[in-house]
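Breakdown of the fold
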Amino acid sequence: MTSAPPGRRPEGHRLLSRPSTWAETQFVANALRTETIGGAVLLGAAVVAIILANSPLSDAYFSLRDTEIGTDWFHLRLSLGHWAADGLLAIFFFVAGLELKREFLVGDLRSPAKAAVPVVAAFCGVAVPAVVFVGVVTLMGGEGDALQGWAIPTATDIAFALAVLAVIGSHLPSGLRSFLLTLAVVDDLIAITIIAVFYTSDLDPMMLLLGLVPLAAFAALVQRRIAAWWLLVPLAALTWAFVHASGVHATVAGVLLGLVVPVRPRKRGVPAVSTLPADADVAHRFEHRIRPLSAGVAVPVFAFFASGVAVLGGGFGETLRDPVAIGVVAGLVVGKLVGVLGSTYLMARFTRARLDDDLAWSDIAGLAILTGVGFTVSLLVGELAFGAGSARDEHVKLGILLGSLTAAALASVILRRRNAVYRRIHEQETRDDDGDGVPDCFQEEHAGPGSTSTR
């Protein structure tokens, strides 16, 4: 075993270093590329919704959002807005479940040393905004159900955040991008847990147990590499319907379905009817196909129905007087910064870890503020806390928009000033002098004993 050069700690103790392999770097890059495009569509959908809600077409917009379709069976007669929140967002959380399982089994989260920082940052990035929200609402004299919205500023919208990076043209190093994606994955897990535990009412245990039957059938098929859509889609829909009827928010079904999809090769052979080989990474294949649907359709449609809020006619002034809206803004801007930056600094201060040589603490500060861009899940939690279409829910929507835009603007200023450094790191990470398709830095770092690194 080789020792680290004098004055340097082992590679595993560097905070926010690049992913450990070129394959992992490519996975992160491809995932973020799709989310960036989806983020642009998301922003467009939100802007259109806000324009319509404040135009002469506002009545038509709200009428469309509130139009009910479906059946009374399983409580499935829902408005279009609810179908988007309960149905389409289940696709978003299915992808989150796939990401989570992959990261913990074959991604960088399988290494405790690499997982510790983003996981701790994600938990602190949820806890501190919630505390800030409660503190602000309490100090401002919030009454009644005001504190029910404590979880609204805890979520990070990775698509919205990446769209901001695309707009400012930031060349974030792969280590920072990987950290952002990993933090967002853990953030999604925490968010769906909060929704299931704190925003579930009138639980029907029998319906929940019945939902385990199609879920188990779905798991049995994918574990045996039987990926026929005409079998899996009906089972997924049944799982979703039972979970929805149980009183648990239906998006939980999406995460459960994602978590049963296999990542690692199957040790035993596959049946003759299998559609995929035993060594197939089924989760990666599903994610590759479904992520564009999630980022490009499901989330933007939800944003279109959820973000339409009347700003004109006194709506903005009422929002600024509502402690809940102010608490949301403070949680997203201040809470996320303190939670993510503070926890990362403490990890470096009180452990053997240290910041990667190419990065500065201002980079972490910019990234921490960027995690304050909360949109999709924040809007969903706001609806669950106060009721879709209620006066307070309208104030929450404006608070989320104000907080997210403020966080995006501040992050842009901080990250943009370091763009020259990021560009240099990017060139180093993509340099391939031998033309073999793998950047030289990855080969140098894994060349074995006696090798040296240019990093």
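Going by the structure above, here's the rest.
This report concerns the structure included in the present document. Predicted model only: the values in this text are computed from it and were never measured. (Residues numbered from 1 in each chain as written. Predicted model: local features only at pLDDT ≥ 70, side-chain atom pairs only at ≥ 80, totals over all residues. Heavy atoms only, no water.)

**A few points about the overall build of the protein chain**
Helix and strand counts for the protein chain come out as 17 helices and 4 strands. Taking all 455 residues of the protein chain together, the buried fraction comes to 52%. Considering only intrachain contacts with a sequence separation of at least 6, the fraction spanning at least 24 residues in the protein chain is 81%. When the accessible surface of the protein chain is summed, it comes to about 19600 Å², and 66% of that surface belongs to carbon and sulfur atoms. (Helix = DSSP H or I, 4+ residues; strand = E, 2+ residues; numbered from the N terminus. Buried < 20%, exposed > 50% of the residue type's maximum accessible area, 1.4 Å probe, protein only. Contact = heavy atoms within 4.5 Å. Areas by Shrake-Rupley, 256 points an atom, 1.4 Å probe, with all protein chains shown as cover.)

**Focus on the pairing of strand β2 (residues 68-71)**
Examined bridge by bridge, β2 and strand β3 (residues 76-79) share 4 bridges and lie antiparallel to one another. Note on β3: the bridge partner recorded for Ile 69 is Leu 78. What sits between β2 and β3 in their antiparallel hairpin is a turn of 4 residues, with Phe 74 showing a positive phi close to 55°. (Pairing = 2+ DSSP bridges.)

**Focus on unusual backbone geometry**
It is generally the case that most residues other than glycine have a negative phi and that most peptide bonds are trans. Here the phi dihedral of Arg 225 falls at roughly 65°; this positive angle occurs in a residue that is not glycine. Residue placement: Arg 225 occurs in the loop between α7 (205-223) and α8 (229-246).

**Side note on the packing of aromatic side chains**
The full count for this structure, using the stated rule, is 8 aromatic pairs. With centroids separated by 5.4 Å and ring planes inclined at 85°, the aromatic side chains of Tyr 61 and Phe 304 adopt a geometry described as edge-to-face. Taken together, the residues Tyr 61 in helix α2 (residues 58-66) and Phe 304 in helix α10 (residues 282-306) connect sequence positions 243 residues apart. Here Tyr 61 matches Phe 304 in class, with each residue buried. Consider the rings of Tyr 345 and Trp 361, whose centres lie 5.6 Å apart with planes at 70°: the pair is edge-to-face. Here the residue Tyr 345 occupies a position in helix α12 (residues 323-350), and Trp 361 occupies one in helix α13 (residues 361-370), the gap between them amounting to 16 residues. Taking the relative accessible area as the measure of exposure, Tyr 345 reaches 42% and is therefore partly exposed. The class of Trp 361 is partly exposed, set by a relative accessible area of 30%. The structure contains a cluster of three or more aromatic residues connected by ring pairs, namely Tyr 61, Phe 62, Phe 304 and Phe 305. The ring of Phe 350 has Arg 349 lying over it, and the distance from NZ or CZ to the ring centre is 5.1 Å. The ring of Phe 386 carries the charged tip of Arg 392 above its face, separated from the ring centre by 5.9 Å. (Phe/Tyr/Trp six-rings, centres within 6.5 Å; stacked < 30°, edge-to-face > 60°. Lys NZ or Arg CZ within 6 Å of the ring centre and 35° of its normal.)

**Some remarks on the pattern of salt bridges**
Scanning all chains against the criterion turns up 10 salt bridges. When the shortest N-O distance is used, the salt bridge between Arg 65 and Asp 66 registers 3.2 Å. Arg 65 sits in the buried class, given a relative accessible area of 10%. Of the residues examined, Asp 66 reaches a relative accessible area of 42% and is grouped as partly exposed. Among the charged side chains, a salt-bridge network with shared partners connects Glu 99, Glu 287 and Arg 291. (Salt bridge = Lys/Arg side-chain N within 4 Å of Asp/Glu carboxyl O.)

**Let's talk about the side chain of Asp 157**
Within the secondary structure layout, Asp 157 lies in the loop between α4 (112-139) and α5 (158-168). Of the side chains bearing the opposite charge, Arg 291 lies closest to the buried Asp 157, which forms no salt bridge; the N-O distance is 10 Å. Within the structure, the side chain of Asp 157 is placed 3.0 Å from the backbone nitrogen of Phe 160, a separation counted as a polar contact. One polar contact links Asp 157 to Thr 376, side chain to side chain, over a distance of 2.4 Å. (Lys, Arg positive; Asp, Glu negative; His and termini not counted. Polar contact = N/O pair within 3.5 Å; in protein donor to acceptor, adjacent residues only side chain to side chain.)

**Focus: a nonpolar patch on the surface**
A surface patch of nonpolar side chains, about 390 Å² in accessible area, is lined by Met 206, Leu 209, Leu 210 and Leu 212. Among the secondary structure elements, Leu 210 is positioned in helix α7. You can call Leu 210 partly exposed: its relative accessible area is 34%. (Patch = residues over 30% accessible without salt bridge, like charges linked within 9 Å, V, L, I, M, F, W, Y side chains within 5 Å.)

**Details of the packing of helix α3 (residues 80-105) against helix α14 (residues 376-386)**
The interhelical angle for the contact between α3 and α14, taken along N-to-C directions, is 145°, at an axis separation of 12 Å. For the pair α3 and α14, the sense of crossing is left-handed. For the pair α3 and α14, contact is made by Ala 85, Leu 89, Phe 92 and Phe 93 and by Thr 376, Val 377, Leu 380 and Glu 383, respectively. Along the lines of polarity and charge, the residues of the contact of α3 with α14 split into 6 nonpolar, 1 polar and 1 charged. (Axes fitted to C-alpha atoms, helices over the stretch in contact; angles between N-to-C directions. Left-handed = near helix turned anticlockwise from the far one by under 90°. Nonpolar A, V, L, I, M, F, W, Y, C, P; charged D, E, K, R; others polar.)

**Observations regarding the nonpolar core**
Counting residues in hydrophobic clusters, the biggest one holds 93 residues, and the most contacted among them are Phe 93, Phe 302, Leu 370 and Phe 375. Element by element, the count of residues in this core is highest for helix α6 (residues 174-198), at 11 residues. Excluding residues within four positions of it along the chain, Phe 93 makes contact with Asp 188, Ile 192, Thr 251, Gly 254, Val 255, Val 377 and Leu 380. The next biggest cluster of nonpolar side chains, apart from the first, holds 20 residues, and it includes Ile 226, Leu 276, Ala 283 and Phe 286. (Core = buried A, V, L, I, M, F, W, Y, C linked by side-chain atoms within 4.5 Å.)

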